[in-house]
Amino acid sequence: QVEFAESGGGLVQPGGPLTLACETSEVIFKLYTMAWYRQAPGKQRDFLASITSGGTTNYADSMKGRFTISRDNARNTVYLHGNNLSPEDTAVYYCNTAGGPLRSWGPGTQVTVSS
């Protein structure tokens with residue numbers, strides 16, 4: 001059963017911005033800390049950023065200064081905003097929970113950074 005619906009990916013120019021959205025159920029959204037992950041081609045899936053129900057954020061060290069995570073409680077949606085993207089940011093981006101057991105992965109959204 002799909003629990004996360006990621007959107008907003010596509011082709012991004014090097015140095016360009018990125019805005020992703022992840023919609024989930026009301027139950028999941030209000031019970032768990034939400035987070036973004038990504039998996040580059042041939043690589044393992046990595047944690048990017050998380051946000052608690054109270055709005056407290058946590059970022060992977062490599063993401064600080066370039067990415068911002070936020071949430072809209074009325075829409076059960078978490079967002080990821082990025083800037084100054086590089087080809088190394090090319091990956092499938094996923095939404096899931098954090099701070100506890102992971103739930104089943106959704107399809108993710110593909111982000112390709114290329115000129």
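Everything below is about the structure printed above this text.
In this report, the structure presented in the accompanying data block is examined. What you see is a predicted model, and the numbers here were worked out from it, not measured in a lab. (Residues numbered from 1 in each chain as written. Predicted model: local features only at pLDDT ≥ 70, side-chain atom pairs only at ≥ 80, totals over all residues. Heavy atoms only, no water.)

**Observations regarding the overall build of the protein**
The helix and strand tally for the protein stands at one helix and ten strands. In sequence order, the secondary structure elements of the protein are arranged as β-β-β-α-β-β-β-β-β-β-β. In terms of overall dimensions, the protein is globule-like: its C-alpha atoms have a radius of gyration of 13 Å, near the 13 Å expected for 115 residues. Taking the principal axes of the C-alpha coordinates as reference, the protein spans close to 40 × 30 × 25 Å. (Helix = DSSP H or I, 4+ residues; strand = E, 2+ residues; numbered from the N terminus. Rg over C-alpha atoms; globule rule 2.2 N^0.38 Å.)

**What about the packing of aromatic side chains?**
In the structure shown here, the tally under the stated rule is three aromatic pairs. With a centroid separation of 5.6 Å and 65 degrees between ring planes, the pair formed by Y94 and W105 is classed as edge-to-face. With Y94 in strand 9 (residues 91-98) and W105 in the loop between strand 9 and strand 10 (109-113), the pair connects residues that are eleven residues apart, well separated along the chain. The class of Y94 is buried, set by a relative accessible area of 10%. Judged by relative accessible area, W105 falls into the partly exposed class, the value being 29%. (Phe/Tyr/Trp six-rings, centres within 6.5 Å; stacked < 30°, edge-to-face > 60°. Buried < 20%, exposed > 50% of the residue type's maximum accessible area, 1.4 Å probe, protein only.)

**Examining the environment of S25**
Take S25: it is sitting in the loop between strand 3 (18-24) and helix 1 (26-31). The spacing of S25 and F4 is 21 residues in sequence and 7.8 Å in space, taken between C-alpha atoms. Once residues lying within four places of it in the same chain are set aside, the contact partners of S25 are E3 and N76. Among the polar contacts made by the side chain of S25, one reaches the main-chain amide nitrogen of I28 at a distance of 3.2 Å. (Contact = heavy atoms within 4.5 Å. Polar contact = N/O pair within 3.5 Å; in protein donor to acceptor, adjacent residues only side chain to side chain.)

**A closer look at the sheet that holds strand 4 (residues 33-39)**
Sheet architecture is open: six strands sit in the order 2-10-9-4-5-6, paired in mixed fashion. Where the open sheet ends on each side, the last strands, each with one partner, are strand 2 (10-12) and strand 6 (57-59). Taking the axes of each pair of neighbouring strands and ignoring which way they run, one obtains an average angle of 30 degrees across the sheet. As judged from the three bridges shared by strand 2 and strand 10, these two strands associate in the parallel manner. Among the inter-strand pairings, V12 is bridged to a residue of strand 10, identified as V113. (Pairing = 2+ DSSP bridges. Axes fitted to C-alpha atoms, helices over the stretch in contact; angles between N-to-C directions.)

**Comments concerning the nonpolar core**
For soluble globular proteins, the rule of thumb is that nonpolar side chains tend to be buried together. If you look at the biggest cluster of nonpolar residues, it comprises 25 residues, and the most contacted ones within it are M34, W36, V78, Y93 and V111. Broken down by secondary-structure element, the contributors of at least two residues to this core are strand 3, helix 1, strand 4, strand 5 (45-51), strand 7 (67-72), strand 8 (77-82), strand 9 and strand 10. (Core = buried A, V, L, I, M, F, W, Y, C linked by side-chain atoms within 4.5 Å.)

**A short note on the sheet that holds strand 1 (residues 4-7)**
One open sheet holds the four strands; their spatial order is 1-3-8-7, and the pairing between them is antiparallel. Sheet topology places strand 1 and strand 7 at the edges, where each strand pairs with a single neighbour. Within this sheet the neighbouring strands show an average axis-to-axis angle of 15 degrees, counted without direction. One ladder, built from six bridges, connects strand 7 with strand 8; its direction is antiparallel. Within strand 8, the position partnered with T68 by the bridge is H81.

As far as function goes, none of this settles anything; it's purely spatial.
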